[in-house]
Amino acid sequence: MMLSFEHKKTIFSSYNELFEKSISNDRVDYVYPGSLQRGKTLATQLHPSGNGYVIGKYMDSDMIFTKGYKVDNQGWIKIKDYSVEELHEIIIDAMKSMSNKDIKAHSYNRPNEIKYIRSFNENVDSQTKSEKVSLELVQSCLYNWLGYGNINASTWFIGIEEGGAEIWRNKTKTLEQSLELRKRYKSQMDFRYVWEELYNIPLESFSGPNVWRYMVAFLLELEGHKPNTEEIKDYIFYSKQFGREDSNHFLCELMPLPKQSKGNIDPYKSIWSTVEDYYKEVGEKRFSLIKDAIIQSTNVGLIVSYDRTLTEKMVNFFSSVIETIDNWKFAHEEYTLFKVTLHNNREIFLLSTPFFGNGRISYEGIRKAVERVRSLRI
């Protein structure tokens, strides 16, 4: 989603070194007096339509190639569709190229931008509390999407449902805006693209739930690493390898609609009276879609369920083709490994773990689970 004119201006204005200059037809430039180059204009022709350009002619060829900047014949880079992160990055790169100074990534003055976002968030929150979403919009989001990452990856994680951080925590979207985006999702979506491009939430600004961290710990253990906290944080928030479409994993969700909690059906009460009604109507078909995706995705070998309720539903769904092959406890918490036999005697494995959060699991517990999985040569 394209950033608004006001949001872009707020980002440029958050740099104390830049000065706004009004030009014709409601457009603005941003001037960099610290420039050692002949030109002092860092950004030009920012307009309510979304158009705008940042100077690229002083950047060296290595920077242009590495960052993938598209510099036109006049030496400008179009920023119309840039995300928050991309806009900050190109501003810093342009300042470096104009001043030959090492501009630090966090040297800009964030308060103005934060003030803008807070004001926007308050407006979103007010809209979300009062809005009612239509049946047609909700129905368009129920069966088109399964999760984030590579659907044909060898390792799947499966959870109950979306939390809707863009609506209730970060508040960059109203419920209706979020559903409008979600109805256009395909079966697999890229995690970074959704969070940063569609929801306007830079991953490095988001602390994230423990669930993500334990998933990454599991993945790193599978790859033979001994993960530490910094490696895990980097994987999710900085190098952004988590849930990518070309990754070795898939983050599947049983239920598709964003909700504040498992027991809360408030946003959709005009459609379902209770959470149980929602699960009953939608869950069975979602399971069928997930099963079909697993059958078609022949690389899938291991599914990790980190929610007991979900594990019970999956065991019931696969009751005729599932068997328990291992069971153990670690720190008083139970782990179970199942084998599911699909068509043509293809076998996949389902690992049930304690919940990935709330103190129920530990990195050592994950390490032990991965050792069990490896011992079976999965």
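The coordinates are above.
A. Representation of the overall build of the chain within the structure. Within the chain one finds 13 helices and 13 strands. In terms of overall dimensions, the chain has a C-alpha envelope of 75 × 50 × 40 Å along the principal axes. Relative to its 378 residues, the chain shows a buried fraction of 51%. Long-range pairs, those at least 24 residues apart, make up 65% of the contacts in the chain between residues at least 6 apart in sequence. Accessible surface for the chain amounts to roughly 18,300 Å². Of this, 46% is attributable to carbon and sulfur atoms. Computing the positive centroid from 50 side-chain charges and the negative centroid from 51, the chain places the two 2 Å apart.

B. Fine view of the nonpolar core. Formed by 44 residues in total, the largest nonpolar core has its most connected members in Phe-157, Trp-195, Tyr-199, Phe-218, Phe-242, Leu-351 and Phe-356. In terms of residues, this core owes the most to one element, helix H9 (residues 210-222), which gives nine residues. Residues within four places of Trp-195 in sequence aside, it is in contact with Ala-165, Asn-200, Ile-201, Leu-203, Phe-206 and Trp-212. With 41 residues, the next largest nonpolar core counts Trp-156, Ile-167, Met-255 and Met-314 among its residues.

C. View of unusual backbone geometry. Positive phi, normally seen in glycine, also occurs at Asn-25, with a value near 55 degrees. Among the structural elements, Asn-25 can be located in the loop between strand E1 (19-22) and strand E2 (28-31). Here Asn-200, not a glycine, exhibits a phi torsion of approximately 60 degrees, which is positive. Among the structural elements, Asn-200 can be located in the loop between helix H8 (191-198) and H9. Looking at Asn-200, the relative accessible area reads 17%, which means it is buried.

D. Examining the environment of Ile-322 more closely. As for its position among the elements, Ile-322 is in strand E11 (residues 322-330). Setting aside anything within four residues of it in sequence, one finds Ile-322 in contact with Val-315, Phe-338, Lys-339, Val-340 and Leu-350.

E. Fine view of the sheet that holds strand E12 (residues 333-341). Read from one edge of the open sheet, eight strands run E8-E6-E9-E7-E10-E13-E12-E11, paired in mixed fashion. Each edge of the open sheet is held by one strand with a lone partner, namely strand E8 (188-189) and E11. Its contacts with the sheet put helix H13 (residues 363-375) on strand E10 (302-305), E11, E12 and strand E13 (347-352), and the angle it makes with E11 is roughly 140 degrees.

F. Expanded view of the side chain of Asn-150. Along the chain, Asn-150 turns up in the loop between strand E6 (147-149) and strand E7 (155-161). Within the structure, the side chain of Asn-150 is placed 3.1 Å from the backbone oxygen of Ser-247, a separation counted as a polar contact. In this structure Asn-150 touches Gln-188, Arg-244, Glu-245, Ser-247, His-249 and Phe-250, once residues within four positions along its chain are discounted.

G. Geometry of the pattern of salt bridges. Per the counting criterion, the structure on display carries 22 salt bridges. The salt bridge involving Lys-9 is made with Glu-6; its shortest N-O contact spans 3.6 Å. Of this pair, Lys-9 and Glu-6 both sit in helix H1 (residues 5-13), three residues apart, roughly one helical turn. Since its relative accessible area comes to 43%, Glu-6 is described here as partly exposed. Across the salt bridge formed by Lys-240 and Glu-196, the nearest N and O atoms sit 2.7 Å from each other. Highlighted residues: Lys-240 in the loop between helix H10 (229-238) and strand E9 (249-255) and Glu-196 in helix H8, separated in sequence by 44 residues. With respect to class, Lys-240 is no different from Glu-196; both count as buried. Residues participating in the shared-partner salt-bridge network are Glu-85, Arg-192, Glu-196, Glu-197, Glu-204 and Lys-240.

H. Structural detail: helix H12 (residues 308-317). Those residues of H12 that fall on the buried side of the exposure criterion are Leu-310, Thr-311 and Met-314. Along the long axis of H12, the arc covered by the buried residues comes to 100 degrees, so they all point the same way. In H12, the exposed positions angled more than 90 degrees off the buried face are occupied by Glu-312 and Asn-316. Of the surrounding secondary structure, the elements contacted by the buried residues of H12 are E7, E9, helix H11 (275-296), E10, E12 and E13. The N-terminus of H12 is capped by Asp-307, whose side-chain oxygen sits 2.9 Å from the backbone nitrogen of Thr-309.

Analysis parameters
- Residues numbered from 1 in each chain as written.
- Predicted model: local features only at pLDDT ≥ 70, side-chain atom pairs only at ≥ 80, totals over all residues.
- Heavy atoms only, no water.
- Helix = DSSP H or I, 4+ residues; strand = E, 2+ residues; numbered from the N terminus.
- Buried < 20%, exposed > 50% of the residue type's maximum accessible area, 1.4 Å probe, protein only.
- Contact = heavy atoms within 4.5 Å.
- Areas by Shrake-Rupley, 256 points an atom, 1.4 Å probe, with all protein chains shown as cover.
- Lys, Arg positive; Asp, Glu negative; His and termini not counted.
- Charge placed at Lys NZ, Arg CZ, Asp CG, Glu CD.
- Core = buried A, V, L, I, M, F, W, Y, C linked by side-chain atoms within 4.5 Å.
- Pairing = 2+ DSSP bridges.
- Axes fitted to C-alpha atoms, helices over the stretch in contact; angles between N-to-C directions.
- Polar contact = N/O pair within 3.5 Å; in protein donor to acceptor, adjacent residues only side chain to side chain.
- Salt bridge = Lys/Arg side-chain N within 4 Å of Asp/Glu carboxyl O.
- Arc of directions from axis to C-beta.

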